[in-house]
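Architecture at a glance
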Amino acid sequence: MKKINSALLITTALLVFISVPAKINFAEEETMPISGIKKILIAYFSYSGNTREIANQIHKIVGGDIFEIQTVTPYPKNYDAVVKQAKQELASDYKPALKTKVGNIKSYDVIFIGYPNWCSTIPAPVKTFLSEYDFSGKTIAPFCTHGGGSLARSVTDISKLCPKSTLLDSFAIPGSDVKTAQSEVSEWLRRIKITK
Ligand SMILES: Cc1cc2nc3c(=O)[nH]c(=O)nc-3n(C[C@H](O)[C@H](O)[C@H](O)COP(=O)(O)O)c2cc1C
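Here the focus is helix α3 (residues 50-62). With 13 residues, α3 should reach 18 Å at 1.5 Å per residue; the first-to-last C-alpha distance of 19 Å fits that figure. Among all positions in α3, only Asn50, Thr51, Ile54, Ala55, Gln57, Ile58 and Val62 are buried. Looking straight down α3, one finds that the buried residues subtend no more than 160° of arc, so they occupy a single side. Of the surrounding secondary structure, the elements contacted by the buried residues of α3 are β1 (40-44), β2 (65-68), β3 (110-116), β4 (139-146), β6 (171-174) and α7 (182-191). Remark: Gly63 follows α3 within two positions and exhibits a positive phi of approximately 70°.

Structure below.
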């Protein structure tokens, strides 16, 4: 009788184990890109690392491909010199040559564009990047790090360069807060419906 009881117990336990689907762990469920989004590209420019930090946080959550926008000629390391150059580039609508290209931009559905606020708008290398490819029909999610000026004119300027793209709500964070931005980044990704 005892043997029959234990056999019954084992069979019941096995049946329960097989019929209950593996529970998705909450963090995994929360960070899963919503269905329908096929391919994500996270493209960013970063001079001193803040925007790179946010790009990596986004990448950790949504996956996809990550691409650093880099100029052939690096910017000067000296802060005053880079500010002077950025102002000149903005005034002359200069578009510096970029070091590398994205393989097949056509294959991406959602493109994150990350940049530091430079002189109240996007840095010149981001201008080059947005001008080099056809973003028609793509969904663009802008994110920005800044020194207090937030997004300023950057999103308006992106929409001028990509008039046939859908722009999602943008994300902005002070450069000094990027190391602890994970929950704000996750919240933004949920708000724009990239994650559930
Ligand atoms: C050339 C230059 C221009 C900048 N202009 C602005 C500005 O107009 N408004 C602002 O809030 N921050 C400005 N900043 C500060 C940066 O936006 C901020 O430090 C940002 O987090 C840097 O990001 P990164 O480390 O990815 O380069 C500027 C910084 C540089 C180097």
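In this section: unusual backbone geometry. Unlike most non-glycine residues, Asp93 shows phi in positive territory, near 55°. On the secondary structure map, Asp93 appears in the loop between α4 (79-91) and β3. At Lys193, a position not held by glycine, the phi torsion is positive, near 65°. The residue Lys193 is located in the segment after α7 in this model.

All right, on to the site of the ligand then. Taken together, the neighbourhood of the ligand is formed by 20 residues, with Thr51, Pro116, Gly147, Gly149 and Gly175 sitting nearest. Here the shell around the ligand gets 3 residues from one element, more than from any other, and that element is α4. Of the residues that constitute the shell around the ligand, the class distribution is 7 nonpolar, 13 polar and no charged.

Our focus in this paragraph is α7. Those residues of α7 not exposed but buried are Val185, Trp188 and Leu189. With its buried residues spanning 100° around the axis, α7 presents them on a single face. Turned more than 90 degrees off the buried face of α7, the exposed positions are Ser183, Glu187 and Arg191. Looking at the buried side of α7, the elements it contacts are α3 and β6. Just past α7, the residue Lys193 takes up positive phi, approximately 65°.

Next up on the list: the pairing of β1. Burial analysis of β1 places 5 of its 5 residues in the buried class, which makes it a mostly covered element. Here β1 shows a buried face lined by Ile40, Ile42 and Tyr44 and a second buried face lined by Leu41 and Ala43. The pairing of β1 with β3 spans 5 bridges and is parallel. Bridge assignment links Ile42 to a residue of β3, and that residue is Phe112. As paired strands, β1 and β2 are joined by 4 bridges and run parallel to one another. Bridge pairing in β2 places Ile42 opposite Ile66. Assessed by its sense of winding, the connection that carries the chain from β1 through α3 to β2 is right-handed.

Inspection of the secondary structure puts Lys196 in the segment after α7. As a C-alpha pair, Lys196 and Ser186 span 10 residues in sequence and 9.7 Å in three-dimensional space.

Turning our eyes to something else, we now look at the confidence of the model for the protein chain. Per-residue confidence for the protein chain gives a mean pLDDT of 88, with 81% of residues at or over 70. Taken as a whole, residues 8-30 scores under 50 in pLDDT and shows 4 contacts with residues more than four places along the chain or in a different chain.

Rules of the game
- Residues numbered from 1 in each chain as written.
- Predicted model: local features only at pLDDT ≥ 70, side-chain atom pairs only at ≥ 80, totals over all residues.
- Helix = DSSP H or I, 4+ residues; strand = E, 2+ residues; numbered from the N terminus.
- Expected span 1.5 Å × (residues − 1).
- Buried ≥ 20, exposed ≤ 12 C-beta atoms within 10 Å, placed from the backbone.
- Arc of directions from axis to C-beta.
- Contact = placed C-beta atoms within 7 Å.
- Near = placed C-beta within 6 Å.
- Nonpolar A, V, L, I, M, F, W, Y, C, P; charged D, E, K, R; others polar.
- Pairing = 2+ DSSP bridges.
- Right-handed = clockwise from strand over helix to strand, strands pointing away.
- pLDDT = per-residue confidence, 0-100.

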